[in-house]
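If you want the building blocks of each chain, they are given just below.
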There are 2 protein chains.
Amino acid sequence: MTKSPTKAATAKTPKPKPDAGGEAAVPVSNRAMRAAERRDAIVEAAMEEFIARGFAATRLDDIAKRAGVAKGTIYLHFKDKESMFEELVRTVIVPVVARLNALPPPTGSVRDLIETFAGNFLKEVIGTRRGDLVRLIVAEGPRFPAVADFYYREVVSRGIAGMRALIELGIARGEIRERDLARYPQILVAPAMIAVIWQSLFERHAPLDAQDMLRVHLDLIFGERRTT
Amino acid sequence: MTKSPTKAATAKTPKPKPDAGGEAAVPVSNRAMRAAERRDAIVEAAMEEFIARGFAATRLDDIAKRAGVAKGTIYLHFKDKESMFEELVRTVIVPVVARLNALPPPTGSVRDLIETFAGNFLKEVIGTRRGDLVRLIVAEGPRFPAVADFYYREVVSRGIAGMRALIELGIARGEIRERDLARYPQILVAPAMIAVIWQSLFERHAPLDAQDMLRVHLDLIFGERRTT
DNA sequence: TATTTATGACTGACTAGTCAGTCATAGTCA
DNA sequence: TGACTATGACTGACTAGTCAGTCATAAATA
C-alpha cells in the first residue's frame, strides 16, 4: 500500500514528472503532497524493518533504501530513530483504534457482536503486518515506556473496557453464565492474543486455525454451540 | 575497577584461599570448579542484560562487568554473542522442563491437577525472571529461529500435548463439557500467557491478580465454581 | 532567481571479537 | 616437603568495522 508507483524507482529517476494528465486531485500544493507521500513511504519501510529486526538492530540506511529516499530525508520528518519508532507506532495504531471504535452496530445477540468483532480482528490483525506490530510492541515495550504507555492507553485499556461492557451486557441478558468474567475481560481476549503470537513464532511448526479456535472459545463462554 | 590482585571482587566467591582439605567433596579440580562458577556468573549476568535491553542492544562489556569477569573470558565459554544467547535460553529452560516432566502425581480430579499446575506456574513463572525470559523469546524468536525451534520443541509442543491429555481425561470423566477444547489446548493456557505478558508490560498501569483470573478461567472450563 | 527540499558522503562514537601476555594453580622432581 | 616448571584460565588494550546523525551541495519548485 502507498507503494506509490512513482518514486519507488530509486531516487535516481530523472523524474519524468510530467503530471500532464492532470494527476487528478492535487488538494494541497504538489510539494506538500509529495512530502506526505515520502513520509508514508518512510513509515511503511520503517515498520517493515523494525518488525523484521527489532528496534536496535534496524539500520536507518536500510529504511531509507527501502523507502526509496536518502537517509537525510528521514531527518526532515523525524527527530531521531527513537522518536521515529514512537511516532510509527502511533501512526499505525490510531486508525485501527478509530475503526474499532466505530464498530458496534447494536444488533443481535452479544455473541453476535463479539463474533463480528472477532471476525474483524481475525481479518485485520491475526497473521497480518498489524499482528506483527503487536508482537513488536510486546518485544520493545519495556525499553520504550512511552510506547507501552501509549499502547496501554489507546488500545489495551479501551479494549478491556469495551469487552467488559459487552460481557456485562451478556450477563444481564443471560447469555453469559460466568459472572466473574466481567472482572477479567482479558480472558475473553486471551486466545486472540495467543493466536497473534502463535502465528508470528510457531506457524511453520504447527499452523493454527485461529478462526476455529476462537469459535470454540466463544462456545466455552456462551454455553453450548449455537447452530451455525 | 582497579585490577589489583583480588579481582574476584564480585559477589561470586571472594575465594581467598583454595583450602585444599576442608570443603568435603572437591570432585573436580579447584580450577575447573572456578571456571564453572564463572560460566554461571556469565549466564546469569547475560540473562539480566538481555532481558533488560534485548539481544542487539546488550553490550558484552556490560555482561562482563556484571559478571565480574573480563570480556575475553566470555569467549572462553561461548563462541560469540549469538550462540551465547542461544545457549543461555537452553541453560535456563532445560531444568524447568525437567521439573515439569516430573510433575503429575495422578491424584484427585482433573481440575485439581490443573489447579496445582496453575499454582506452580503462578509461583515459578508469572512475574519472575523466567516470565521475562518468555517475553524475551517472544521478542527475539523471529530473529533466532534456533531459539524459537528449541522453545517450540522443548516447551510449547510438550506443554500443548500435556494439556491436551489432561483435557481429554477431563472430558472422559465428565468434568469438562466442551469437547472441542481438546483440539485447542492453547485456550486453556492462554490466560496464563497473557498474565505473563501483562506483568511485564502493564503491571504499573493496572496490576493484575493473575491467581484470581486463572481461577475464573477454570470456572469457565469446568462449569460452576467448586466450593473453595 | 530565491527559497525550499532532498541528497549522500562524511564524521565520530561505539562495540564485537582478538590475542599477546600474566599469573595462580597443578604437576614434577630432588 | 620445598622448589621449580608447565598449564591454561584470565585479562584488557586493541583492531576493524558499524551506524546514527550532520551538513555542504544539488535539485526542485515558486
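Remember, predicted model here, so these are calculated numbers, not experimental data.

Would you take a moment to explain the overall build of chain A for this structure?
From N to C terminus, chain A includes nine helices and zero strands. The linear arrangement of helices and strands in chain A, starting from the amino end, is α-α-α-α-α-α-α-α-α. For chain A, the share of sequence-separated contacts (at least 6 apart) that also reach a separation of at least 24 residues comes to 65%. When the accessible surface of chain A is split by element, carbon and sulfur atoms take 57% of a total near 11,700 Å².

Can you help me understand the relation of the copies chain B and chain A in this one?
Two copies of the chain are present, and they differ by a rotation about an axis and a shift along that axis. Of the transformation superimposing chain B on chain A, the axial component is 0.0 Å and the angular component is 180°, with the fit at an RMSD of 0.2 Å. Taken together, the rotation and translation describe the operation of a two-fold axis. Closest approach to the rotation axis among the C-alpha atoms of chain B is made by Ala-139 of chain B, whose C-alpha sits 2.1 Å away. When the interface residues of chain B are mapped onto chain A, 100% of them are again interface residues, pointing to one common binding face.

Which parts of the structure should I look at to understand the environment of Glu-87 of chain A?
Residue and element names in this part refer to chain A. Relative to the helices and strands, Glu-87 is located in helix H4 (residues 81–101). Given the relative accessible area of 31%, Glu-87 is considered partly exposed. Sequence spacing of Glu-87 and Val-43 is 44 residues, and the spatial spacing of their C-alpha atoms is 8.9 Å. Glu-87 has contacts with Arg-39 and Phe-78, leaving out every residue within four places of it along the chain.

Sorry if this is basic, but what is going on with the pattern of salt bridges here?
Side-chain pairing between opposite charges can occur once the charged atoms of the two side chains come close. Enumeration according to the criterion identifies 42 salt bridges over all chains in this entry. Between Arg-111 of chain A and Glu-115 of chain A there is a salt bridge, and its shortest N-O distance comes to 3.0 Å. With Arg-111 of chain A and Glu-115 of chain A both in helix H5 (residues 110–124), this residue pair falls four residues apart, about one helical turn. When its relative accessible area of 5% is taken as the criterion, Arg-111 of chain A is described as buried. With a relative accessible area of 24%, Glu-115 of chain A lands in the partly exposed category. Residues participating in the shared-partner salt-bridge network are Arg-111, Glu-115, Asp-212, Arg-215 and Asp-219 of chain A together with Asp-180 and Arg-183 of chain B.

Explanation requested: the interface of chain B and chain A in the structure shown.
Accessible area lost on assembly of the parts is the figure often given for the size of an interface. Across the contact, 48 residues belong to chain B and 48 residues belong to chain A. Taking both partners together, chain B and chain A bury about 4,200 Å²; carbon and sulfur atoms supply 71% of that area. Its largest share of buried area at the contact with chain A, chain B owes to Tyr-152, Tyr-184 and Leu-220 of chain B, together 15% of the area lost on that side. Applying the counting rule to chain B against chain A returns six salt bridges. Where Asp-149 of chain A meets Arg-204 of chain B, a salt bridge forms, and the shortest distance between an N and an O atom there is 2.8 Å. Counting across the chain B and chain A interface gives 14 residue pairs in polar contact (both at pLDDT 80 or more).

Whenever I open this one, the packing of aromatic side chains confuses me. Can you help?
The relative placement of two aromatic rings is captured by the distance of their centres and the angle of their planes. By the definition in use, this model includes 16 aromatic pairs over all chains. Pairing Phe-50 of chain A with Phe-85 of chain A gives two aromatic rings, centres 5.2 Å apart and planes at 80°, and the pair type is edge-to-face. You can see Phe-50 of chain A sitting in helix H1 (residues 30–53) and its partner Phe-85 of chain A sitting in helix H4, a full 35 residues away along the chain. The same class applies to Phe-50 of chain A as to Phe-85 of chain A, namely buried. When the ring of Phe-50 of chain B is compared with that of Phe-55 of chain B, the centres are 5.7 Å apart and the planes differ by 20°; the resulting orientation is stacked. By the ring-pair criterion, three or more aromatic residues cluster together here, those being Phe-50, Phe-55, Phe-85 and Phe-144 of chain A. Here the guanidinium or amino end of Lys-81 of chain A rests over the ring plane of Phe-55 of chain A, the centre of that ring lying 4.7 Å away.

Help me understand the packing of helix H6 (residues 129–140) of chain A against helix H8 (residues 185–202) of chain A in this model?
Residues and elements named next belong to chain A. Relative orientation of the contacting elements H6 and H8 amounts to 95°, with a least axis distance of 9 Å. Classed by the angle they form, the pair H6 and H8 counts as roughly perpendicular. For the pair H6 and H8, the contacting residues are Gly-131, Asp-132, Val-134 and Arg-135 in the first and Met-193, Val-196 and Ser-200 in the second. Looking at the contact of H6 with H8, its residues break down into three nonpolar, two polar and two charged.

Got a minute to help me understand the packing of H5 of chain A against helix H9 (residues 210–222) of chain A in this structure?
Helix packing geometry: the angle between the two helix axes and the distance between the axes. Residues and elements named next belong to chain A. As a packed pair, H5 and H9 sit with axes 11 Å apart at the nearest point and diverge in direction by 160°. Comparing their axes, H9 and H5 come out roughly antiparallel. Considering only the axes of H5 and H9, their crossing is right-handed. Along the contact surface, H5 presents Val-110, Arg-111, Ile-114, Glu-115, Ala-118 and Leu-122, while H9 presents Ala-210, Gln-211, Leu-214, Arg-215, Leu-218, Asp-219 and Phe-222. Residues that form the contact of H5 with H9 fall into these classes: eight nonpolar, one polar and four charged.

Rules used in this analysis
- Residues numbered from 1 in each chain as written.
- Chains lettered and ligands numbered in written order.
- Predicted model: local features only at pLDDT ≥ 70, side-chain atom pairs only at ≥ 80, totals over all residues.
- Heavy atoms only, no water.
- Helix = DSSP H or I, 4+ residues; strand = E, 2+ residues; numbered from the N terminus.
- Contact = heavy atoms within 4.5 Å.
- Areas by Shrake-Rupley, 256 points an atom, 1.4 Å probe, with all protein chains shown as cover.
- Least-squares fit on C-alpha atoms with pLDDT ≥ 70 in both.
- Buried < 20%, exposed > 50% of the residue type's maximum accessible area, 1.4 Å probe, protein only.
- Salt bridge = Lys/Arg side-chain N within 4 Å of Asp/Glu carboxyl O.
- Buried area = accessible area lost by both parts, 1.4 Å probe.
- Polar contact = N/O pair within 3.5 Å; in protein donor to acceptor, adjacent residues only side chain to side chain.
- Phe/Tyr/Trp six-rings, centres within 6.5 Å; stacked < 30°, edge-to-face > 60°.
- Lys NZ or Arg CZ within 6 Å of the ring centre and 35° of its normal.
- Axes fitted to C-alpha atoms, helices over the stretch in contact; angles between N-to-C directions.
- Parallel < 35°, antiparallel > 145°, perpendicular 65-115°, else oblique.
- Nonpolar A, V, L, I, M, F, W, Y, C, P; charged D, E, K, R; others polar.
- Left-handed = near helix turned anticlockwise from the far one by under 90°.

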